[in-house]
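Listed here are the chains, written in short residue letters.
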Amino acid sequence: MKIKLTLLSALILISGLLKAQDSLMIRKIYDEELVNGQCYGNLHYLCKNIGQRISGSANAQKAVEWGKKLMESYGFDRVFLQPVMVPHWVRGAKEEGAIIKGDTKISVHIAALGMSVATPQNGVTAPVIEVHSLKELETLGKDVIKGKIVFFNRPFDPKFIETLWAYGTAGDQRNAGPAVAAKYGAVGVIVRSLTESLDNFPHTGATSVVKDGVNIPAAAISTIDANKLSTMLKMRSLPAVKFYFKQSCKTLPDAPSFNVVGEMKGTENPNKFITVGGHLDSWDLAEGAHDDGTGVMQSVEALRLLKVLGYKPKNSIRAVFFINEENGDRGGIKYAELAAENKEEHIAAIESDLGGFTPRGFTFEGASPAWIQNINGKWGKLLAPYGSGTLAAGGGGSDIGPLIEKQKGVILIGYLPDSQRYFDVHHTPNDVFENVNKRELELGAASMASLIYLIDMHGFN
């Protein structure tokens, strides 16, 4: 009995020392970031000196070159590029859109959906039919839809606390709506912008393209103009409401690009990896500040923090600037393919792609509820004082998702910031540096570095 008590006491003492060590390290991470953080200044350069970074563009290449130099300046053990062929879609001239009723023509705010085809040179004008779901469209059928412009007008569901869920439930009309409408003979599609905000910023985003099939022009319309169009359609007075829009976008041949990778080599398990990243590309309407400049800058900052504090990781840790998340996911797919080819074992991958807002915690994919409960007990209390203590089941992210298809046992982790403002700026001309809060961004970088440290030190046992 005496021996058992002695062993128990020793275990309790060791556990207490480890918790104290972890707590001290996390405090050092936050102190360094909040006093000497560099992610906000780096984000400013990315947004103001490079700007929009749609895949295949000259600016995307500038961002790759600058990102590599940035990582090299931090003295990581290894910095390298992974070649990736990416789609090259260009928007062309500014879009035109208008509601037409008799002799009245009301200009509206639209933006071509990513990967959409162009309208005819003189635009397209046709009667409008409003629908709220793909099912409603299919129920109406070809007799009703043929020759018309389909107006998808399903708004965000405001009952969701996390706005990402509202985005998910509204997103199929943008992703699949144009392709489905084309099957029923529509000549164009207008989609209500995916946001709960009432504003005049059209929200772009990718739509599906039918290979070797019929594709029709598709554009997003601002929420204020969507409401205006819906109101006019409901009046049902003659003459019937028509819609006009013109866009000149096109898809060029695939272009060469790169993922940018920085690595701190593991001292014990150099072929086991913890990856943290975001996507370097952005849509072309603005600077891609929250989507996803904040994510890539937080990711490289997490490694910088660990290095400047003299931390020697057991496992290799990588920061990855993935290319082409917005309209192809080619960077994430290539990263997973190369990891499998090189027989790299990924323990965990973390992605920041929900904006640079106040941190709330992390979501875990590929883990059981019991495992997440156990991690909460171990790490939730350590992260809670910094606002990052919510550890819950959920998705990892688009860029890291392909890893779970190539490797067994990898845990995918999504950085979870406050979501209430993200879809105010997401995919809009308003996604600019000025809408990023310095302290919120820095707190997120520190929370990501802290989680990496905990995973590297303790694993998931």
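My aim in this report is to walk through the structure given alongside it, one point at a time.

Here's the deal with the overall build of the protein
Here's step 1: Helices and strands together make up the secondary structure of the protein, namely 14 helices and 16 strands.
Here's step 2: For 461 residues, the compact-globule estimate of 2.2 N^0.38 gives 23 Å, and the C-alpha radius of gyration of the protein, at 24 Å, lies within 12% of that figure.
Here's step 3: Dimensions along the principal axes, computed over C-alpha positions, put the protein at roughly 95 × 45 × 40 Å.
Here's step 4: A total of 461 residues make up the protein; the buried ones form 56% of that total.
Here's step 5: Taking all contacts inside the protein whose residues are at least 6 apart in sequence as the whole, residues at least 24 apart take part in 82%.
Here's step 6: Of the roughly 19,500 Å² of accessible surface on the protein, 56% is carried by carbon and sulfur atoms.
Here's step 7: Here the protein holds 49 positive side-chain charges and 49 negative ones, and the gap between their average locations is 2 Å.

With respect to the pattern of salt bridges
Here's step 1: Evaluation of the coordinates by the stated rule reveals 21 salt bridges.
Here's step 2: The partner of Arg78 in a salt bridge is Glu263, and the shortest N-O contact between them spans 3.8 Å. One end of the pair, Arg78, is in strand E1 (residues 78-90); the other, Glu263, is in strand E10 (residues 250-264), with 185 residues separating them in the sequence.
Here's step 3: The class of Arg78 is partly exposed, set by a relative accessible area of 40%.

Focus: the packing of helix H9 (residues 289-308) against helix H14 (residues 438-458)
Here's step 1: Look at H9 against H14: their axes get within 8 Å of each other, and the N-to-C directions meet at 55°. The angle between H9 and H14 places the two elements in the oblique class. Crossing hand, H9 versus H14: right-handed. Residues Thr294, Gln298, Ser299, Glu301, Ala302, Leu305 and Leu306 of H9 touch H14, and the partners they reach there are Leu441, Gly444, Ala445, Ala446, Met448, Ala449, Ile452 and Tyr453.
Here's step 2: When grouped by side-chain class, the residues that make up the contact of H9 with H14 number 10 nonpolar, four polar and one charged.

What about the sheet that holds E1?
Here's step 1: Here we have eight strands laid out as an open sheet, ordered E1-E10-E12-E11-E13-E16-E14-E15, and mixed in their pairing. Edge positions in the open sheet fall to E1 and strand E15 (390-393), since each of these has one partner strand only. Between one strand axis and the next, the sheet turns by 25° as a mean value, whatever way the strands run.
Here's step 2: The strands that H14 touches are strand E11 (269-279), strand E12 (315-322), strand E13 (345-351), strand E14 (359-365) and strand E16 (411-417); relative to E14, the one it contacts most, it runs at about 40°.

Brief notes about helix H2 (residues 39-50)
Here's step 1: Taking 1.5 Å as the rise per residue, H2 with 12 residues should run 16 Å; its terminal C-alpha atoms sit 16 Å apart, in good agreement.
Here's step 2: Taken together, the buried positions of H2 are occupied by Cys39, Asn42, Leu43, Leu46, Cys47 and Ile50. Buried residues of H2, viewed axially, fall in a sector of 125°; they line one side.
Here's step 3: Two residues or fewer after H2 comes Gly51, characterised by a positive phi angle close to 90°.

Quick word on the pairing of strand E2 (residues 96-101)
Here's step 1: Taken across its six residues, E2 has five buried, putting it largely inside the fold.
Here's step 2: Of the pairings in the sheet, the one linking E2 to strand E9 (residues 242-246) comprises five bridges and is antiparallel in character. Note on E9: the bridge partner recorded for Ile99 is Phe243.
Here's step 3: Pairing of E2 with strand E3 (residues 104-107) involves four bridges; the strand directions are antiparallel. Note that in E3 the partner of Lys101 across the bridge is Thr104.

The rules behind the values
- Residues numbered from 1 in each chain as written.
- Predicted model: local features only at pLDDT ≥ 70, side-chain atom pairs only at ≥ 80, totals over all residues.
- Heavy atoms only, no water.
- Helix = DSSP H or I, 4+ residues; strand = E, 2+ residues; numbered from the N terminus.
- Rg over C-alpha atoms; globule rule 2.2 N^0.38 Å.
- Buried < 20%, exposed > 50% of the residue type's maximum accessible area, 1.4 Å probe, protein only.
- Contact = heavy atoms within 4.5 Å.
- Areas by Shrake-Rupley, 256 points an atom, 1.4 Å probe, with all protein chains shown as cover.
- Lys, Arg positive; Asp, Glu negative; His and termini not counted.
- Charge placed at Lys NZ, Arg CZ, Asp CG, Glu CD.
- Salt bridge = Lys/Arg side-chain N within 4 Å of Asp/Glu carboxyl O.
- Axes fitted to C-alpha atoms, helices over the stretch in contact; angles between N-to-C directions.
- Parallel < 35°, antiparallel > 145°, perpendicular 65-115°, else oblique.
- Left-handed = near helix turned anticlockwise from the far one by under 90°.
- Nonpolar A, V, L, I, M, F, W, Y, C, P; charged D, E, K, R; others polar.
- Pairing = 2+ DSSP bridges.
- Expected span 1.5 Å × (residues − 1).
- Arc of directions from axis to C-beta.

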